[in-house]
Amino acid sequence: MKTLVIREQGVLAELEVHTFGSGKPHVFFTAGVHGNEVSGIFVARRLIDFFTENPPLKGTVSIIPTVNTTAFRCMQRRNPFDGLDLNRVFPGDPEGSFALRLADIVYQETADADIVVDLHCCGQHGLPYILSIYTESEKVRQMVQRITMPIALRSEGTPGQLFTESTRNRDQAACVIELPSGAGSGVVNLPVADLCFAGLLDLL
């Protein structure tokens, strides 16, 4: 594991990057871009546990289980120091405010990945689904078809999202997976987390 650090006026944010295996293909999972979306964070942690015991035989798997660590500590969507929605400011700015610097460091860290899967939550009463701009990329279409989850939606590709910028600007196969939360803030939906975990293993 390595740690990425952002410091600003006495504020410290540390991001864990867990990497397993080596070489290509390189699959990168991120979660916790929105700090209160804990079902995705839970799945990312399960992936870390799995690959700790079962390293990939070919290629590399990297995981940032909680991207927006300061928002996670406050259990809120937006970054608490500048109020920005992190998933609207990629690729970020190394000279910008806290969220912009955070987006930049994550964008740089994921730069050499072949596949980027960003885990989010869609509220307590939503359905799990994959969101991507598969009509713009055959790589994305093929990747989405390998994730064994029942719903895949076409996004309009809102600028500033990690998966949108990764697909359009870096020709990566990238998507978001939206998972329902549990009943209440900070609660994991365990059955849906199991579904997503299995689907991501099928992707690999």
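Our subject in this report is the structure included herewith.

What about the overall build of the protein chain?
Phase 1: Looking only at helices and strands, one finds 6 helices and 8 strands in the protein chain.
Phase 2: Counting from the amino terminus, the protein chain carries its helices and strands in the arrangement β-β-β-α-β-α-α-β-β-α-β-α-β-α.
Phase 3: Against the globule reference of 17 Å for 204 residues, the protein chain gives a C-alpha radius of gyration of 16 Å, in line with a compact fold.
Phase 4: Principal-axis analysis of the C-alpha atoms places the extent of the protein chain at approximately 45 × 40 × 40 Å.
Phase 5: Here the protein chain holds 204 residues, and 53% of them are scored as buried.
Phase 6: The centroid of the 17 positive side-chain charges in the protein chain is displaced by 2 Å from the centroid of its 23 negative side-chain charges.

Comments concerning the environment of Gln161
Phase 1: Looking at the secondary structure, you find Gln161 in the loop between strand 7 (152–154) and helix 5 (162–170).
Phase 2: Given the relative accessible area of 8%, Gln161 is considered buried.
Phase 3: Remark: the alpha-carbon pair of Gln161 and Arg88, spanning 73 residues in sequence, is separated by 5.1 Å.
Phase 4: Setting aside chain neighbours within four positions, we find Gln161 in contact with Asn87, Arg88 and Phe90.

Considering helix 3 (residues 98–109)
Phase 1: Under the 1.5 Å per step criterion, the end-to-end length of helix 3 is 17 Å for 12 residues, consistent within 8% with the ideal 16 Å.
Phase 2: For helix 3, a buried count of 9 out of 12 residues is recorded, marking the element as mostly surrounded by other parts of the structure.
Phase 3: Of the residues making up helix 3, those classed as buried are Phe98, Ala99, Leu102, Ala103, Asp104, Ile105, Val106, Tyr107 and Glu109.
Phase 4: Residues of helix 3 that are buried sit in contact with strand 1 (2–8), strand 2 (11–22), strand 3 (26–31), strand 4 (59–64), helix 2 (69–74) and helix 5.

Structural notes on the nonpolar core
Phase 1: Core analysis: the largest hydrophobic core is formed by 31 residues, its most contacted members being Ile63, Val117, Leu119, Met143, Ile177 and Leu200.
Phase 2: Listing elements by their share of this core, those giving two or more residues are strand 3, helix 1 (38–53), strand 4, strand 5 (115–121), helix 4 (138–146), strand 8 (173–179) and helix 6 (190–203).
Phase 3: Those residues in contact with Leu119 that sit more than four places away from it in its chain are Thr30, Ala31, Gly32, Gly40, Val43, Ala44, Ile177, Cys196 and Leu200.
Phase 4: In terms of nonpolar packing, the next biggest core, distinct from the first, is built from 28 residues, Ile6, Ala99, Tyr129 and Leu162 among them.

Rules of the game
The residue count restarts for each chain, going from 1 along the sequence in the order it is written. Predicted model: local features are reported for residues with pLDDT of at least 70 only, side-chain atom pairs are reported and counted for 80 or more only, and whole-chain, interface and lining totals are derived from all residues. For side-chain calculations, the full set of non-hydrogen atoms in the structure is used, while hydrogens and water are omitted. Helical segments are the DSSP runs of H or I of at least four residues, strand segments are the runs of E of at least two, and each set is numbered from the N terminus. Taken over C-alpha atoms, the radius of gyration is set against a globule rule of 2.2 Å times the number of residues to the power 0.38. The buried label goes to any residue with under 20% of its type's maximum accessible area, the exposed label to any with over 50%, and the partly exposed label to all in between, with areas taken from a 1.4 Å probe on protein chains only. Asp and Glu are treated as the negative residues and Lys and Arg as the positive ones, with His and the ends of the chain left uncounted. Taken as the charge centre is NZ of Lys, CZ of Arg, CG of Asp or CD of Glu, depending on the residue. In what follows, a contact means two residues having at least one pair of non-hydrogen atoms within 4.5 Å. In this scheme, a helix's expected span is set at 1.5 Å multiplied by one less than its residue total. For this analysis, a nonpolar core means a set of buried residues of the types Ala, Val, Leu, Ile, Met, Phe, Trp, Tyr and Cys, connected via side-chain atoms within 4.5 Å.

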